[in-house]
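Working through the structure, step by step
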Amino acid sequence: MSTSPADPHLPAVHLRPPRNWINDPNGLSFHDGHYHVFFQYNPHAPTHTRVHWGHYRSPDLITWEPQPIALAPTPGGHDADGCYSGNAVSDGSRMVAFYSAHRNDRWWQPVTSAESRDGGLTWDKRLELLIPTPPDGATMYRDPYVWREGGRWRMLVGASVEGDRGTAFLYESADLEQWELRGPFLTDDDGHAPGTGGWTGWECPQYAPFGEQGALVVSLWDALGGPRDVRVYVGSESDGAFTPTAHHRLDHGPDFYAPALLPAPDGRWLLWGWSWEARDAAWSGEAGWAGTLTLPREVTLTPDGRVHQQPAREILRLRGPRTVHLPERAAGSEPLDLGEVGPAFDLTARLRPSTREPGGLRLSTAPGEHLDITLDPVAGELVVDRDHASLDPRARPGRYRLPLPEGTAPGSGVDLRVVVDGSIVEVFLGTGEALTLRCYPTGTPPWRLHTLGPVHLTAQAWDFVPGSRTSRLEPSAVLAAPAH
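Read on for a plain summary of the structure. (Residues numbered from 1 in each chain as written. Predicted model: local features only at pLDDT ≥ 70, side-chain atom pairs only at ≥ 80, totals over all residues. Heavy atoms only, no water.)

What follows concerns the sheet that holds strand 7 (residues 111-116). In space, the four strands of this open sheet follow the order 5-6-7-8, with antiparallel pairing throughout. The strands lining the two open edges of the sheet, one partner per strand, are strand 5 (83-91) and strand 8 (124-125). (Pairing = 2+ DSSP bridges. Helix = DSSP H or I, 4+ residues; strand = E, 2+ residues; numbered from the N terminus.)

One open sheet accounts for four strands, arranged 9-10-11-12; its pairing is antiparallel. The sheet is open, and its two edges are formed by strand 9 (138-149) and strand 12 (180-188), each paired on a single side. On average, each strand axis in the sheet is tilted by 25 degrees relative to the strand beside it, whichever way the strands run. Sheet topology note: the strand 11 (residues 165-173)/strand 12 ladder contains seven bridges and is antiparallel. Residue tyrosine 171 lies in a different strand from strand 12, and its bridge partner there is leucine 181. (Axes fitted to C-alpha atoms, helices over the stretch in contact; angles between N-to-C directions.)

Moving on, we come to the packing of aromatic side chains. We describe a pair of aromatic rings using the distance from one ring centre to the other and the angle between the two ring planes. Following the criterion strictly, the structure yields 20 aromatic pairs and no others. Seen from their ring centres, tyrosine 257 and tryptophan 274 are 6.4 Å apart, and the 75 degrees between their planes marks the pair as edge-to-face. You can see tyrosine 257 sitting in strand 17 (residues 257-263) and its partner tryptophan 274 sitting in strand 18 (residues 269-275), a full 17 residues away along the chain. There is no split in this pair, since tyrosine 257 and tryptophan 274 are both buried. Cation over ring: arginine 279 sits above tryptophan 289, and NZ or CZ is 4.9 Å from the ring centre. (Phe/Tyr/Trp six-rings, centres within 6.5 Å; stacked < 30°, edge-to-face > 60°. Buried < 20%, exposed > 50% of the residue type's maximum accessible area, 1.4 Å probe, protein only. Lys NZ or Arg CZ within 6 Å of the ring centre and 35° of its normal.)

On to unusual backbone geometry. Following proline 445, the chain continues into proline 446 via a peptide bond in cis, with omega recorded as 5 degrees. The topology assignment puts proline 446 in the loop between strand 32 (434-438) and strand 33 (447-452). We note that arginine 50 has phi near 45 degrees; this positive angle belongs to a residue other than glycine. Its place among the elements puts arginine 50 in the loop between strand 2 (34-42) and strand 3 (52-58). A positive phi angle, near 45 degrees, is found at cysteine 204, a position not held by glycine. Along the chain, cysteine 204 turns up in strand 13 (residues 199-210).

A few words on the state of the cysteines. Counted according to the given criterion, the structure contains zero disulfides. Unpaired in terms of disulfides, cysteine 204 finds its nearest cysteine sulfur in cysteine 83, a separation of 15 Å. Cysteine 204 gets classed as buried once you look at its relative accessible area, which sits at 6%. (Disulfide = S-S within 2.5 Å.)

Moving on to the pattern of salt bridges. Oppositely charged side chains can pair when the atoms bearing their charge come close. As enumerated under the stated definition, the model contains 39 salt bridges in all. As a salt-bridge pair, aspartate 79 and lysine 125 come within 2.7 Å of each other at their nearest N and O atoms. With aspartate 79 in the loop between strand 4 (65-66) and strand 5 and lysine 125 in strand 8, this residue pair connects regions lying 46 residues apart in the sequence. Looking at lysine 125, the relative accessible area reads 23%, which means it is partly exposed. Among the ionic pairs, arginine 394 bridges to glutamate 286, the shortest N-O distance being 3.3 Å. You can see arginine 394 sitting in the loop between strand 28 (381-385) and strand 29 (399-403) and its partner glutamate 286 sitting in helix 1 (residues 281-287), a full 108 residues away along the chain. The partly exposed category is assigned to arginine 394, whose relative accessible area is 31%. Using a relative accessible area of 60% as the deciding quantity, one classes glutamate 286 as exposed. (Salt bridge = Lys/Arg side-chain N within 4 Å of Asp/Glu carboxyl O.)

Tallied over the entire structure, the rule returns seven cavities of 30 Å³ or more. In this structure, the largest cavity spans a volume of roughly 90 Å³. Forming the boundary of the largest cavity are Phe345, Leu347, Leu361, Arg362, Leu363, Leu371, Asp372, Ile373, Val418, Val420 and Leu449. For the lining of the largest cavity, the elements supplying multiple residues, two or more each, are strand 25 (344-353), strand 26 (359-366), strand 27 (369-376) and strand 30 (414-421). For the lining of the largest cavity, the class distribution of residues is nine nonpolar, no polar and two charged. (1 Å grid on protein atoms, 1.4 Å probe; cavity = no way out; pocket = protein on both sides within 12 Å on 5 of 7 lines; lining within 4 Å. Points joined across faces, edges and corners; volume = space filled by probe spheres on them. Nonpolar A, V, L, I, M, F, W, Y, C, P; charged D, E, K, R; others polar.)

Once that is clear, we can look at the nonpolar core. Of all hydrophobic cores here, the largest spans 37 residues; its most connected members are Leu382, Leu416 and Val427. Not counting chain neighbours up to four residues away, the residues in contact with leucine 416 comprise Leu347, Thr348, Ala349, Leu351, Ile373, Leu382, Val427, Phe428, Leu429 and Gly430. Counting residues in each nonpolar core, the second largest holds 35 residues, with Phe185, Leu220, Trp269 and Val307 among its members. (Core = buried A, V, L, I, M, F, W, Y, C linked by side-chain atoms within 4.5 Å. Contact = heavy atoms within 4.5 Å.)

What follows concerns the side chain of arginine 142. Mapped onto the elements, arginine 142 comes out in strand 9. Of the residues examined, arginine 142 reaches a relative accessible area of 10% and is grouped as buried. Residue contacts for arginine 142: discarding those within four places in its chain leaves Ser100, Gln109, Val157, Gly158, Glu203 and Trp221.

Here you go:
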């Protein structure tokens, strides 16, 4: 992706336009030999207003080509105040996008659609709303997700119902035009007392079947605080109703929301999320951009019913020179200098406690400025600490914990992978858990890696090489083209 020497916080390999606002990934699909990623996008400012659908495509998840804006609000139309979240499907020679038609004078967001017959270059909107009103009892309604299962099309729409409970409504169709409401696919709450102001709805429901099991991903929207975090339910479906056997957070970081799924042609399920800014809004305004998508992740189900996440295997092709190579060493109270890394790098490590004290890695970016990743064997968690990750007071601090899987022995080794790209950090355990956060170093790269505390470790790191993308994203008329 395009980077600017004047703004080292802009990601180099994560997908986002070179400027302005981006939030939810939408319309993830594979069509006509290309992966298509659409996303919520304001082409005019780094603020969440007048949302369009931006669009990139790729033949290989590495080379991303900017495409004309797919959807734009129609003045006076059903989507006059924004083309909000949804998804897209490949249906023979056409692509069909489903999205939330937003108007400020409606509390619900009706479902509507648009069609493309030229690979996503131009789109024709449906004249009338596809699903104009929510079901009885709904108190929030938005964000369609459509997929094909067997010989039928199915749709989930995020909602809430009376009693402050999140739900996903299920619809079915034979032709993508006439939709029958089957009822709630799943309804649940988070244990708060109704009416006390807890979260009131599910946004961006996504569903991936894995044989007899399935994973339902929902983004929790709070009536008081807005977007909160992401939950995944694992279970099975019977006669249009989903019965979960377990649920857990999909990502343990503070800056991850609204993930979307894409069924790849080789059978994999891929997932992108939105990582919002963790800095003062005025700073984002000065920088001229806000938000980024995560790396694409491969998601699978483990035998014990948890979602396993790891960066898509294609990301390995972005590795350039190896900058750190450390065979197993034992570090003590004096830190070991592991070497230099650039502002975008991919690190793998194995941490094993030397004592009962926490130990791990420190990324030093300037004197007194560092991001710490430590294994706490007593608490059974990996801690990512950004309290000192930026000397700029406009950046948010915080310490975040990624729990180790149940049954992890206190003295056993923990495998992890850390991707740092400008201001986004994605941490993955070898067992499939993930944590995403943002930080904004003021120091000039290259940065240095050190050990932190007593720990046995092995580590390798590679700088990313953005030049391996053959189509760099530059400010162009493509991203500002009018919708059709």
